[in-house]
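Structural features, examined
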Amino acid sequence: MTEDVYRTVAEANCATRPDRLLMTSLPSSRHSRGSTTWCQMDHLDQWRWLVVGAVFVTSFLFGIERTMNSYYVELIDYFEADSSVMSLIGSVFYIFFCFTGVFVSPISDRYGPRIVTMLGGAFVSIGLLGSAFAPNVYLFIAMFGIFLGSGFAMSFLTMLTITVYYFKEKPLLAQGVGISGVGVGGIVMPILVKYLNSTFTWRGGLMITSGLALNICVCGALLRPIDSLQVGSPTQNFEVTLEKTHLRPDREHEKDEGFLIGFIQSFKALMCIRPFVLYSIQSLFVQGSCSILNVHAMAAVESLSGADDILVSYLMSFYSLALLLSIILISAFAHVSAVEPLLLVQIIFAMGGIGMAMVPVFPNFSAMTAFICLHGFGVSPTLNLVPIMLLKFVGQDNLRLSYGVLFVFCGVGGSAAPFLAGVLYDHTKNYANSMYLGGAGFALSVLLMVEPCLKTITRKRETWQPYFL
């Protein structure tokens, strides 16, 4: 970008959002033109990759969510609680994680992603620290579920969408690099938490993890404002064709009609887009199935295979390694391939469903681990391809809002499914039924998208034309 373009962009920003801009160190002669103060973001090309690093670190720390399995097994013994009660840890987490997400969009648009991310990091740290002092299982569920769920919604959701605004070219590559931190964190954090719990007890481990979570605030501070920058088409393979008038993305109506009314009207408009609604319902089933495995996998493998708890503690690390490889490979493939992303997502989800349904079929540790890794490989579209799918359905200007609405559906599935799986185990004393339930959820999710996929194939073109209810 040339200096003149920088100047034009910066002057427009200074005139509209002076509270959200960052003044850079420039010679005094370049800071002003007459009586007009102007701002610019120097070295944007270098800084945007630092933002990708911040996304990676935040995604890495999101691996704390993967440690629910470790606390699940240990706290059942410590508090002598039922499986259905302990499964509420995952349910409460997903309720607040997903339902808070719908409010992240308007809050982030009004106050900026930097403040929202840093506030989310503070919530995560407070939740972990409060959980360390919980005298009973119910207070633990409240602190861990409410604060971590809300905190990760504010920080992780913001980071999931931020690369789209920084990268005009190769957004899939940047997204894949940043979100790969989820896989790395999923590998490292369960092992780290297991070590901390064995060395400092689970209360001491939570205190140390609380300190680590404050790094999310540091990552949020790196999000320099670039409100005026606009990206082009999200990929080379397709473009967003939704007219702005459908969802009123200019947000000017919020000034005229009020913030809440404008938000409600945008929400209603989103729910009139049939492909987006179907994709949201699919996400409900997928997130529900994934949450069953996240909460019950270690207990299920230990119960069905008879493996010792030390060996089982590495299970989620293998799962996260498969997830990491899937994020990298699928992001690279989607970037260079002309395959319709909607079809690619369904194929990968089918693999994840098969992996989960096959977990209890061969009750030995090696086979169960292999199928759980297959499941991990099949859930990566819930992370790296979601922004691209939403860009395809609703366009860039409504990306954060559509992400928040999508999280509501995910919250319903993610909160209800672990509890249902826990109740199912309490009645049958067999975790195999819980795994079958998760596999069935994936199957239903793929069937829901048959109609949009067939329409994509029959049209024989790469651009998705949204059709309305």
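Residues numbered from 1 in each chain as written. Predicted model: local features only at pLDDT ≥ 70, side-chain atom pairs only at ≥ 80, totals over all residues. Heavy atoms only, no water.

Let's talk about the packing of aromatic side chains
Here the structure, examined in full by the defined rule, presents 15 aromatic pairs. Their ring planes at 90 degrees and their centres at 5.1 Å tell us that F62 and F152 sit as a pair that is edge-to-face. Taken together, the residues span a long stretch of sequence, with F62 in the loop between α2 (44–61) and α3 (68–79) and F152 in helix α7 (residues 137–166) at a distance of 90 residues. Look at F62 and you get buried, because its relative accessible area is 7%. Seen in terms of ring centroids, F362 and F371 are 6.0 Å apart; in terms of plane orientation they differ by 15 degrees. Their pairing is stacked. Taken together, F62, F93, F97, F152 and F156 form an aromatic cluster joined through their ring pairs. (Phe/Tyr/Trp six-rings, centres within 6.5 Å; stacked < 30°, edge-to-face > 60°. Helix = DSSP H or I, 4+ residues; strand = E, 2+ residues; numbered from the N terminus. Buried < 20%, exposed > 50% of the residue type's maximum accessible area, 1.4 Å probe, protein only.)

With respect to unusual backbone geometry
The phi torsion at T201 lies on the positive side, around 70 degrees, for a residue other than glycine. Given the relative accessible area of 46%, T201 is considered partly exposed. Unusually for a residue other than glycine, K429 sits at a positive phi of about 55 degrees. Mapped onto the fold, K429 is located in the loop between α19 (399–428) and α20 (432–448).

Observations concerning the nonpolar core
If you look at the biggest cluster of nonpolar residues, it comprises 117 residues, and the most contacted ones within it are F97, F140, F144 and F152. The greatest single-element share of this core, amounting to 16 residues, is contributed by α7. In contact with F152, not counting residues within four places along its chain, are L61, F62, I64, F93, F97, V124, L157 and I216. (Core = buried A, V, L, I, M, F, W, Y, C linked by side-chain atoms within 4.5 Å. Contact = heavy atoms within 4.5 Å.)

Here we look at the confidence of the model for the chain
On average, the chain scores 75 in pLDDT, and the residues at 70 or more come to 78%. A low-confidence stretch, residues 1–42 stays under pLDDT 50, and its non-local contacts, those more than four residues away or across chains, total 67 contacts. Below pLDDT 50 for its whole length, residues 227–256 participates in 74 contacts with residues either more than four positions away or in separate chains. (pLDDT = per-residue confidence, 0-100.)

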